[in-house]
Amino acid sequence: MAKVSAIHEQLAKLLVGQLSLDDFENWFVPYSWNIHKLGDHDAQQLAYAVEHQLSEFDEDCEALRLGLEDAVRPFGHAENRYGDPSPIPVPEFNAALEIRQHVLA
């Protein structure tokens, strides 16, 4: 079953530079292929938002990364494999903003 947390985890790796865009797409395309059958509503919505962002750009760029960050933001925090909340890592330049948002929430 497709899960928001799995998409979150892979997006986080992409956004912090641990995963290339090609590697992310190689994981994401088969993972989201039948998400309308295999995922819950939130996983579907996140996958569709990610697909939309990927379709807007031909290559990895800052605008794509910002779009992906915006796409994942409404889905809050992912859970790690133990079920504990795990915030999506953000690039260092956004870390202070993310911490403020988390503390104020």
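I will try to describe carefully the structure that is included in this document. Computed from a predicted structure; not experimentally measured. (Residues numbered from 1 in each chain as written. Predicted model: local features only at pLDDT ≥ 70, side-chain atom pairs only at ≥ 80, totals over all residues. Heavy atoms only, no water.)

### Some details on the nonpolar core
It is characteristic of soluble globular proteins that their nonpolar side chains tend to be buried jointly. Counting residues in hydrophobic clusters, the biggest one holds 19 residues, and the most contacted among them are Ile-7, Leu-11, Phe-24, Phe-28, Val-50, Leu-54 and Leu-68. For this core, the secondary-structure elements that each account for two or more residues are helix 1 (4-15), helix 2 (21-32), helix 4 (41-56) and helix 5 (62-72). In this structure Leu-54 touches Leu-21, Phe-24, Glu-25, Phe-28 and Leu-64, once residues within four positions along its chain are discounted. (Core = buried A, V, L, I, M, F, W, Y, C linked by side-chain atoms within 4.5 Å. Buried < 20%, exposed > 50% of the residue type's maximum accessible area, 1.4 Å probe, protein only. Helix = DSSP H or I, 4+ residues; strand = E, 2+ residues; numbered from the N terminus. Contact = heavy atoms within 4.5 Å.)

### What to know about the pattern of salt bridges
On inspection of all chains with the given rule, the structure shows three salt bridges. A salt bridge links Arg-65 to Asp-60; the nearest nitrogen and oxygen atoms lie 2.9 Å apart. For Arg-65, a relative accessible area of 17% corresponds to the buried category. Between Asp-70 and Arg-73 there is a salt bridge, with its nearest N and O atoms 2.7 Å apart. Exposure remark for Arg-73: the relative accessible area of 45% places this residue in the partly exposed category. (Salt bridge = Lys/Arg side-chain N within 4 Å of Asp/Glu carboxyl O.)

### Quick notes on the packing of aromatic side chains
In the structure shown here, the tally under the stated rule is four aromatic pairs. Aromatic pair Phe-24 and Trp-27: ring centres 6.1 Å apart, planes at 40 degrees, arrangement tilted. On the criterion of helical spacing, the pair formed by Phe-24 and Trp-27 is a turn pair, its members being three residues apart in helix 2. When its relative accessible area of 0% is taken as the criterion, Phe-24 is described as buried. (Phe/Tyr/Trp six-rings, centres within 6.5 Å; stacked < 30°, edge-to-face > 60°.)

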